[in-house]
Amino acid sequence: LTLKPWSQRSMSVNQVIASLFPKLSKITGLLAFPVNPFSLPGSTGFQAINFVLKSTGSYSQLNDIAQKIITAAQKSPVLANVNVDLKIDQPQYDITINRNLAGQLGVSMQSISNTVNMALGQPQFNRFVMNGRSYYVIPQIEKQFRTTPDDLYNLYVRTITGQLVPLSSFVKVSEAVVPQSLNHFQQMRAATISANAAPGYTMGQALTVLEKIAKQNLTPNMQYDFGGQSRQFMEASGTMIATFAFAILFIFLVLSAQFESFRDPLIVMFTVPLSTAGALILLKLSGGTINIYTQIGLVTLVGLISKHGILMVEFANKLQEEGASINQSIINAAKIRLRPILMTTAAMVLGSLPLALASGAGAESRHQIGIVIIGGMAFGTLFTLFVVPTVYTYLATKKNKTLAA
């Protein structure tokens, strides 16, 4: 479905999806669910969550465990439209041949195979031309003689002596139920559980619920993995911590070269957890989530908020070199640098305000970045003015007084 332009509707895509869920679920005998097409490259299918169960055991055992997980998952309000691709519901008829008896009667396996194939398999035996057109010759018995499994017993097969023997003499037909398809994942028997996150929940929350349920039900010969967009999500989520750590490490090393010390950069870096806490608190209050946009905002905050600490620590060091004590230096530095710190914060907060208040197509991504920067700068600045001076009095070293030339 193509929705109307933003200017012509009052509901977002997620609100439309949430309103359709209860309506579609009431349709008896139909599994229908609304989804928003994925924008990530490489994403396939219409369900974002692909939870793969892998096993070295049988498909029957794999199906039993999958059904237990699905039953538990359907009770969770976090998951919706839970399904599995392993469906053992396809009827099949197995033909069991008494090979010893067939051999005694002089009937070969090839003769049995040809007889059943000619009668039921619709083989393309030959071609003939009529009125300039070519037609296949497909031998097959009449429909009324091939409607039930018992009709196989009425077929005859020729022995090596030329005699006709009924198949019922050495063949038994039995009914069975088999999977529609036998899937593998990483060279192991697999069943993929597909689902969507219920309205109001994220993919991360849904995958956490599935992992918890799986750990409670998996047998020792089974494992779980992720596929599709879920696999991309798990791989990308692990890189955020590394990116954040490298950003802090890079700034720390640059500041170490600037201050020619490891203590002063450490004092400056105390501003980072304060701003991060403020960003996450405001993000939680506004109903946001941790995603690629908030991650960009958090990494940006590392550089922005560090400037406050640099302004105070650098000026305090200069005051020490002029003969002031550690306590008096940082107090005077906080007073003198208060104005540029507040101006920097005001510029960033006011500059990010249009992002937080944006509307129209793509507004959700702008909201996330704007909220993170506003919360991190405002909260971080407030506490930086008190925490950095306190930490400076404990960690800073006494600077030698610079002698005038």
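Our subject is the structure that appears above.
What this report covers is the structure whose coordinates are included nearby.

1. A word on the overall build of the protein
In step 1: Along the backbone of the protein there are 12 helices and 11 strands.
In step 2: The C-alpha atoms of the protein give 36 Å as radius of gyration, which overshoots the globular expectation for 405 residues (22 Å, by more than 25%).
In step 3: Looking at the protein residue by residue over its 405 residues, the buried ones come to 36%.

2. A word on the pattern of salt bridges
In step 1: One pass over the full model with this rule turns up 2 salt bridges.
In step 2: Of the charged contacts, one joins Asp225 and Lys54 as a salt bridge, the two residues approaching to 3.6 Å between their closest N and O atoms. Separated by 171 residues along the polypeptide, Asp225 in strand E11 (residues 222–226) and Lys54 in strand E1 (residues 49–55) bring together distant segments of the chain.
In step 3: Judged by its relative accessible area of 15%, Asp225 is buried.
In step 4: Here Arg231 ties to Asp225 by a salt bridge, and the two come within 2.8 Å at their closest N and O atoms.
In step 5: The class for Arg231 is partly exposed, based on a relative accessible area of 28%.
In step 6: Each member of the salt-bridge network shares a partner with another, and the members are Lys54, Asp225 and Arg231.

3. So, the pairing of strand E10 (residues 188–197)
Taken residue by residue, a regular strand's side chains alternate between the two faces of the sheet.
In step 1: Among the 10 residues in E10, 8 count as buried, and that is most of the element.
In step 2: With 7 bridges connecting them, E1 and E10 associate as antiparallel partners. Residue pairing for E10: Asn50 is matched across the bridge by Ser194.
In step 3: With 4 bridges connecting them, strand E2 (residues 79–84) and E10 associate as antiparallel partners. Counted as the bridge partner of Ala80 is Asn196 from E10.
In step 4: Both strand E9 (residues 184–185) and E10 contribute to a ladder of 2 bridges, which runs antiparallel. Of the residues in E10, the one forming a bridge with His184 is Arg189.
In step 5: Once E9 ends, the chain turns through 2 residues before running back antiparallel as E10, passing Gln186 with a positive phi of about 55°.

4. Focus on helix H4 (residues 109–120)
In step 1: End to end, H4 covers 17 Å across 12 residues, agreeing with the expected 16 Å (1.5 Å per residue, within 8%).
In step 2: Gln122 occupies a position one or two residues after H4 and carries a positive phi of about 50°.

5. Considering a nonpolar patch on the surface
In step 1: Together, Met118, Phe125, Phe128, Met130, Tyr135 and Val137 line one region of the surface with nonpolar side chains, adding up to about 530 Å² of accessible area.
In step 2: Those elements giving two or more residues to the nonpolar patch turn out to be strand E4 (126–130) and strand E5 (133–137).
In step 3: Relative to the assigned elements, Met118 resides in helix H4.

6. What to know about the environment of Pro91
In step 1: Tracing the backbone shows Pro91 in strand E3 (residues 88–97).
In step 2: Using a relative accessible area of 57% as the deciding quantity, one classes Pro91 as exposed.
In step 3: Residues Pro91 and Arg9, 82 residues apart in the sequence, show an inter-C-alpha distance of 49 Å.

7. Some points on the environment of Gln186
In step 1: Relative to the helices and strands, Gln186 resides in the loop between E9 and E10.
In step 2: Put simply, Gln186 and Asn332 are 146 residues apart on the chain and 64 Å apart in space, counted from C-alpha to C-alpha.
In step 3: Those residues in contact with Gln186 that lie beyond four places of it in its chain are Lys54, Asp225 and Arg231.
In step 4: At a separation of 2.7 Å, a polar atom in the side chain of Gln186 contacts the side chain of Lys54.

8. Observations concerning the packing of helix H10 (residues 326–336) against helix H12 (residues 363–395)
In step 1: H12 packs onto H10 with a crossing angle of 160° between their chain directions and a minimal axis gap of 9 Å. What the angle tells us is that H10 and H12 run roughly antiparallel. Crossing hand, H10 versus H12: right-handed. For the pair H10 and H12, contact is made by Ile326, Asn327, Ile330 and Ala334 and by Pro389, Tyr392 and Thr393, respectively.
In step 2: Partitioned by chemical class, the residues of the contact of H10 with H12 number 5 nonpolar, 2 polar and no charged.

9. What to know about the pairing of E1
In step 1: The buried fraction of E1 is high, at 7 of 7 residues.
In step 2: Pairing analysis gives 5 bridges linking E1 to E11, with the strands arranged antiparallel. From the neighbouring strand, Leu53 faces E11, where its bridge partner is Tyr224.

The rules behind these values
- Residues numbered from 1 in each chain as written.
- Predicted model: local features only at pLDDT ≥ 70, side-chain atom pairs only at ≥ 80, totals over all residues.
- Heavy atoms only, no water.
- Helix = DSSP H or I, 4+ residues; strand = E, 2+ residues; numbered from the N terminus.
- Rg over C-alpha atoms; globule rule 2.2 N^0.38 Å.
- Buried < 20%, exposed > 50% of the residue type's maximum accessible area, 1.4 Å probe, protein only.
- Salt bridge = Lys/Arg side-chain N within 4 Å of Asp/Glu carboxyl O.
- Pairing = 2+ DSSP bridges.
- Expected span 1.5 Å × (residues − 1).
- Patch = residues over 30% accessible without salt bridge, like charges linked within 9 Å, V, L, I, M, F, W, Y side chains within 5 Å.
- Areas by Shrake-Rupley, 256 points an atom, 1.4 Å probe, with all protein chains shown as cover.
- Contact = heavy atoms within 4.5 Å.
- Polar contact = N/O pair within 3.5 Å; in protein donor to acceptor, adjacent residues only side chain to side chain.
- Axes fitted to C-alpha atoms, helices over the stretch in contact; angles between N-to-C directions.
- Parallel < 35°, antiparallel > 145°, perpendicular 65-115°, else oblique.
- Left-handed = near helix turned anticlockwise from the far one by under 90°.
- Nonpolar A, V, L, I, M, F, W, Y, C, P; charged D, E, K, R; others polar.

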